[in-house]
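Below are the chains, spelled out letter by letter.
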Amino acid sequence: MLPNSGNNGAPAAVARNDFIIGPDDLILITGATGFIGPKVVRSLLQLGFRNLRCFGRRLSPASPLVALQERFRQSVLLEIIKGNLLSPGDASAAARDASVILHLAAGRGVKSIPEAFRNSVVTTRNLLEACRREAALKRFVNVSSFAVYSNRRNPHGRLLDESAPAATVAELLPDAYAFAKAKQDELVEEYGQKFDIPYVIVRPGYVIGPGNPGISGRVGSDSFGIFLHLGGSNTMPFTYVDNCADAIVLAGLKKGVETEIFNVVDDNLPTSRFFLRCYKRNVRRFRSIYLPHFLSYGLCLAWEKYSAWSENQLPPTFNRSVWHASWKRTR
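Residues numbered from 1 in each chain as written. Predicted model: local features only at pLDDT ≥ 70, side-chain atom pairs only at ≥ 80, totals over all residues. Heavy atoms only, no water.

Quick notes on the packing of helix α3 (residues 88–95) against helix α4 (residues 113–131)
Under the convention used in this document: Here, axes are lines fitted to C-alpha atoms. For helices the fit covers the stretch in contact, and angles between N-to-C directions go from 0 to 180 degrees. In this text, helices come from DSSP runs of H or I with a minimum length of four residues, and strands from runs of E with a minimum of two, each type numbered from the N-terminal end. In these notes the angle categories are as follows: under 35 degrees is roughly parallel, over 145 is roughly antiparallel, 65 to 115 is roughly perpendicular, and the rest is oblique. By definition, any crossing whose near helix is turned counterclockwise from its far helix by less than a right angle is left-handed, and any crossing with a clockwise turn is right-handed. Should any heavy atoms of two residues lie within 4.5 Å, those residues are counted as being in contact.
Where α3 meets α4, the axes come as close as 8 Å, and the angle between the chain directions of the two elements is 50 degrees. Classified by the angle between their axes, α3 and α4 sit oblique to one another. When you trace α3 past α4, the crossing you get is right-handed. On the side of α3, the interface is formed by P88, A91, S92 and A95, while α4 contributes N126, L127 and A130.

This is the structure:
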């Protein structure tokens, strides 16, 4: 189990001699301008790492990173660079001389399979190709997602842990993001085996915190004009953004965890029902209808069958794979 943050915000109970690199070795953080990225940078700075390269998209605001740059400018080299990992040249420039790469960049928010593939898989391939030329690299951390689990063929039944198999392509479609993250994981493992690139894969649950006001699809869906509460008494696999950032940092730094996969969730997790009640009380009020598990499964089955019968005139947005991944009772 990864430790919780200490009072200063850095991971607690971590000895410097447990790390694979020193404080002056270069660490690259891709996706540094995203939701989790600035928290990862802050965690590294609080642990005493002084040589950070933060890579973000050209149009992404970098104000949180600039604030950290100003705060620590006397004691660290915090480089902020903008680019596009679809460019092999930008990927090479980002990876140059890096000892550890924390790869957070991903194609979120895209709806099409090709676009998601380009922004998660092709970008990662370009970065891994650049890594092959970097003798200094000691670890590549790929930040994946719980979305890669279908939980349909889980040998442990309702227990979802790191030994659970990732979903097949057929199970993940039509979820473009989940499909791309699963292919990204496969690519990282392939490069690790073929080219001896040391890697770790981190799979956070649903990351919550300031800046992410949305409701996880594991709680329910508003696709029908009214919010259908589908999670019921299920435990939500949440991780608070600061804790998630600490876990990513430790996955990049700790000795002896090469080729490991780490699922990241917090302790004392709420049920879907409790979370929805708190959300309505503290964020915004709206009407919702609870759909028991047997009804939500029936809805997904009927939707899947009609989609197949209509030859995808109605896209299979709801199907049994989605039900198993999102609304099946799971520990």
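Brief notes about the state of the cysteines
Here, disulfide denotes a covalent bond that connects the sulfur atoms of two cysteines. We apply this condition: By definition, disulfides here are pairs of cysteine sulfur atoms that lie within 2.5 Å. Under the scheme applied here, a residue whose accessible area is under 20% of the maximum for its type counts as buried, over 50% as exposed, and between as partly exposed, the area being computed with a 1.4 Å probe on protein chains only.
In this structure the tally under the stated criterion is zero disulfides. Cysteine C54 remains unbridged, with the sulfur of C131 as its closest cysteine sulfur at 17 Å. Judged by relative accessible area, C54 falls into the buried class, the value being 1%.

Observations concerning unusual backbone geometry
A positive phi is found at D97, a non-glycine position, where the angle reads about 70 degrees. Backbone geometry at N268 places phi at a positive 50 degrees, although glycine is not the residue there. In this fold, N268 is placed in the loop between β11 (261–264) and α8 (272–282). Accessibility expressed as a relative area gives 80% for N268, which makes it exposed.

Points about the packing of aromatic side chains
Both the distance between ring centres and the angle between the ring planes are used here to describe each pair of aromatic rings. We count it as follows: Pairing of aromatic side chains here covers Phe, Tyr and the six-membered ring of Trp, requires ring centres within 6.5 Å, and sorts the geometry by plane angle: under 30 degrees stacked, over 60 edge-to-face, intermediate tilted.
Per the stated rule, a full pass over the model turns up 15 aromatic pairs. For the pair F275 and Y279, a centre-to-centre distance of 5.9 Å together with 45 degrees between the ring planes defines the contact as tilted. You can see F275 and its partner Y279 sitting in helix α8, four residues apart, about one turn around the helix. Owing to a relative accessible area of 9%, Y279 belongs among the buried residues under this scheme.

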